[in-house]
Structure formats: structure tokens, C-alpha cells
Amino acid sequence: MIDPNEYRWPEGFLFGSATAAAQIEGAAHEDGKEDSIWDAYARVPGAVAGGDTPEVAVDHYHRMPEDVRLMQRLGLGSYRFSTSWARVKPGDREVNRKGLDFYSRLVDELLDAGILPWLTLYHWDLPQAVEERGGWANRDTAARFRDYAAAVHDALGDRVTHWTTFNEPLCSSLIGYAGGEHAPGRREPRAALAALHHQHLAHGLATDLLRERGAERIGITLNLTNAVPNDPSDPVDLDAARRLDAIWNRAFLEPLLLAAYPDDFLEDVREHDFESLLRPGDLDTIAAPIDFLGVNHYHDDNVSGHPLPPGTPPGLRPAPRPTSSPFVGSEHLTFPRRGLPVTAMDWEVNPDGMRTLLVRLGREYPNLPPLYVTENGSAYDDVVAEDGAVHDAERVAYLRAHLSAVAEAIDEGADVRGYFVWSLLDNFEWAWGYAKRFGIVRVDYETQERIPKDSALEYAGIIGRVPAGT
Ligand code: FCB
């Protein structure tokens, strides 16, 4: 294993950490902000574990300067955050100056601290008012998104250089509109496919707009996986893995990079009349050139095409949540157990999957732009020790092993330019509420006190060895 402390990271390699508006800001109804779909969804009984809501979260809206100072102490080169559409344009109506001012102050604080702002326009929190007009299943939402992007660029475009349109559109289309486990909690396969296409379109429209306005770097973040057949000698499992690869990876990569949906994906979703959603020119819009691809990767997916037999040992049952897209069938998707340890999410710890994925992308897509790992991290049931610290040895090991895998991928030719750990702070983990802690900094949800965990100190030590400059 490459020691991430000793490895000669490429000049300018960016070490950062990531968060998302709905997961940390709180102030869900303050200074003009109105409901996002996550505010509304969290009020549905049983939707979020423990009845938790994003109302207060980790109160970042009020503690932002203190949080930026924390990032500075850790030596972060970049901070990946998202802007909230429902704060910037509540109800998708006129621009909310106070909402934009918050992000403007955040950007100023970051720049003063020497931290590169890495802005994501959409990390799953659609204004509820837009959902009530059909949400992402409505094609018009793509145009609304472009207008929202313009409002954010008007306010921040003089200082923000790195723009990401979407975070993990797979989750905000298929899991939100068909899986039903994320907001808006719909279980409508056709609406989910419409959401997928309309988010692609929105990405293309916003990319064009930002490009015209001279944004320096524009990209998108996808969550990509290695679809591993449960039994590689079984044609049924092989086909299930192919289907998962088609709908989770290639249905996102190929419109963006090759201006086409994969043929096998089109075939798999033919029963939902997907192609009737496509209009002439859409694919050219979607394939607008990008400057980087963000890759989020936590674990591989081990897939079987067979219903799991009754009495299947725990290692082979599907994780309780999130399950999967209905196009594969949750009973056919097994979260991987190859005798490896798992995190508190029941996600397998397999750093070699990270290496494989990063290397494979460059080999499969010759026109691939530079890659950034925009999320990777782990949830564990942390405890505060008697000395007041959080000795999260498992997260330290996870972080080191995954950085090592990134280094190996670079040595094998992958053009990876940066790594953002998920997450800076413990936060609102969507349908899991506050039950899962991903932070390298612990948050006490009663007092809002921040305690850097051992993993934060470890990360700071690794970052400290990187030559300055981005
Ligand atoms: C990703 C999300 C991020 C966080 C991590 C654990 O899918 O983008 O917000 O929830 O998973």
C-alpha cells in the first residue's frame, strides 16, 4: 500500500472536503428561504429516520466564519459546498438578496483563508414549489435551473472559478422519483427517467450559460460504481451487472461524453417509452464540453439477477436503505460482502474498487476530462473518549487506504487532480437523518460544538506534505 504521507502527489493536487447546503446549513426558513423538497419530505411521517429534519442541521448558516477557520486550520486547499436554490430563489420566484449574500460572504471568507471555493449548484434540494409544478419530471424545470444558475453566477461569478452543475443526478432522479427513498419520495419509473433526462438537459443549458459568461472551470459530479456480478460465471448475474452498469454509470457518462444514451440502456427502459422524452438537439446540448468530471465513490455494487433465496445470510441481503433503482429490482441487488469489513452504512470497505474505477474511466472514455474525486468517506458510530477526543481509527484507516488507492490509480495513468473527503462535518445524512456520522469533524447536535476527530488530524498531516499552489 502506498503511504499517502510519503507519496509525491502531483504538483497542484487539490485536497479538500465537501458538504451540501441541505445537510449543514439549517436556517431552513430564515432570511427568506422557503421549503426545498427535503424540508417537505422530512415532514412525511416515516420518511427520515428518527423524524429528523434539516431545519437546524449543524447551524452552518450562523457559524460559517468559524467553520471556515476550522478548514483553514486543517490546511484544506479547497472546499466543496452547494448553494440552495430554495434560498437563492425561494419558491423559484425573484432572487433573494439575503440568501445570495450568505454565499457571497462564504466565498469571501474562503478566499481570505486561501481556500478555493468549489461550488455545486444542485445537491438535491429543489424548491418545493417547483416540485409542485411537476419537479424534474417536468421539462420546464431545466430552463428554471438555468435561470437559477444565472442568478448565482450574477452574484458570485466575479470570484468563483470552479462550477459544478449537479451532484449525483442518479440519486436526485432515479432514487428520488422511482426508488422513493429520497425526496420527493415518488415511485414512478417514467417520472424518474424524465427526471434523469431533464437533469442532463439542465446541466447542458447551465454549462452553455456559464461558458458564455466566461466561467473558468465547469463540470459535473457523478456517483459511479463497479457493478460486480455476484457469480461471474452465471449469465443471469452477468446480465444483471450489465444492466446496473448501464443505468447507474453509462446512462450518465455517455450522454455527457459521447452525446448518446447507450443502446442497451435504451433497450432496458423501452417499456417506459424513454425515447419519447428526447427532442432534437437535446443530446448536443447535454454534451457541451466540460473541464472536469467529479467522481463520487464509496463502494462497489455486487449484483445478482436471481431473487435472493429465503434465509439468505445477512451478508447477502440488500441493505435496508437505500435499496436500488426499480429497474434492477432491490431483491436482486446485493450490497457487496466479499469478506471485507463494512462501515456503519453497511457499505463494504474496498479501496481497490476506487483504483479500478478511476483507471477504467480513462481507458473506456478517451475524451475523459481530468477527474476529481469529489466525495469519498465513511460513517462510523463514533464516541467521544474520556480525553474529549474522537479516536476514529476506522475512519483514519479508510481515509488512508482510499488516498492510497487514488495514488495507485494516478501511477497507473488516471488523470486525477484532487480529492475531497466526505464530509467536513457530521451532518443530516438524508433519509438516515443524524443517525450516520460521516464527518472528519464531530458535531455535538445539542451544543453545536465541533471537535476535529483523529481523521481530521490525519488528513491535515497528509495535506501538510503537499507542495503549495493549486
Ligand atoms: C452521497 C451524497 C452526499 C452524502 C454521501 C454519504 O451520495 O452526495 O450528500 O450523503 O453520499
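Refer to the preceding data block for the structure.
Bear in mind the structure is a predicted one, so any value in this text is a computation, not a measurement.

**Here we look at helix H5 (residues 97-112)**
Okay, so step 1: Helix length check: H5 (16 residues) gives 22 Å between terminal C-alpha atoms against 22 Å at 1.5 Å per residue, within 8%.
Okay, so step 2: For H5, the set of buried residues is Gly99, Leu100, Phe102, Tyr103, Ser104, Leu106, Val107 and Leu110.

**Some details on the nonpolar core**
Okay, so step 1: Core analysis: the largest hydrophobic core is formed by 150 residues, its most contacted members being Trp9, Trp136, Phe145, Phe265, Leu358, Val406 and Tyr459.
Okay, so step 2: When residues of this core are assigned to their parent elements, the largest contribution, twelve residues, is made by helix H9 (residues 189-212).
Okay, so step 3: Other than its neighbours up to four places away in sequence, Phe145 contacts Trp85, Leu121, Tyr122, Trp136, Thr165, Phe166, Ala202 and Ala206.

**Quick look at the packing of aromatic side chains**
Okay, so step 1: What the rule picks out here adds up to 37 aromatic pairs.
Okay, so step 2: Aromatic pair Trp85 and Tyr122: ring centres 6.4 Å apart, planes at 80 degrees, arrangement edge-to-face. Of this pair, Trp85 sits in helix H4 (residues 85-88) while Tyr122 sits in strand E3 (residues 116-122), and the two are 37 residues apart along the sequence. For the pair Trp85 and Tyr122, one class covers both residues: buried.
Okay, so step 3: Centre to centre, the rings of Tyr122 and Trp136 are 5.4 Å apart; their planes meet at 80 degrees, and the pair counts as edge-to-face. Note that Tyr122 is positioned in strand E3 and Trp136 in the loop between helix H6 (128-131) and helix H7 (140-156), a separation of 14 residues in sequence. Across this residue pair, the class does not change: Tyr122 and Trp136 are buried.
Okay, so step 4: Sitting above the plane of the Trp432 ring, Lys436 keeps its charged end 4.6 Å from the centroid.

**A look at the site of the ligand**
Okay, so step 1: As a structural note, the neighbourhood of the ligand is formed by Gln23, His123, Trp124, Asn167, Glu168, Tyr298, Glu375, Trp422, Glu429, Trp430 and Phe438.
Okay, so step 2: His123 places a polar side-chain atom, nitrogen or oxygen, 2.8 Å from an oxygen atom of the ligand.
Okay, so step 3: Here an oxygen atom of the ligand and a side-chain polar atom of Glu168 are 2.6 Å apart.
Okay, so step 4: Considered on its own, the ligand offers 290 Å² of accessible surface; in the complex 95% of this is hidden by protein.

Rules of the game
- Residues numbered from 1 in each chain as written.
- Predicted model: local features only at pLDDT ≥ 70, side-chain atom pairs only at ≥ 80, totals over all residues.
- Heavy atoms only, no water.
- Helix = DSSP H or I, 4+ residues; strand = E, 2+ residues; numbered from the N terminus.
- Expected span 1.5 Å × (residues − 1).
- Buried < 20%, exposed > 50% of the residue type's maximum accessible area, 1.4 Å probe, protein only.
- Core = buried A, V, L, I, M, F, W, Y, C linked by side-chain atoms within 4.5 Å.
- Contact = heavy atoms within 4.5 Å.
- Phe/Tyr/Trp six-rings, centres within 6.5 Å; stacked < 30°, edge-to-face > 60°.
- Lys NZ or Arg CZ within 6 Å of the ring centre and 35° of its normal.
- Near = heavy atom within 4 Å.
- Polar contact = N/O pair within 3.5 Å; in protein donor to acceptor, adjacent residues only side chain to side chain.
- Areas by Shrake-Rupley, 256 points an atom, 1.4 Å probe, with all protein chains shown as cover.

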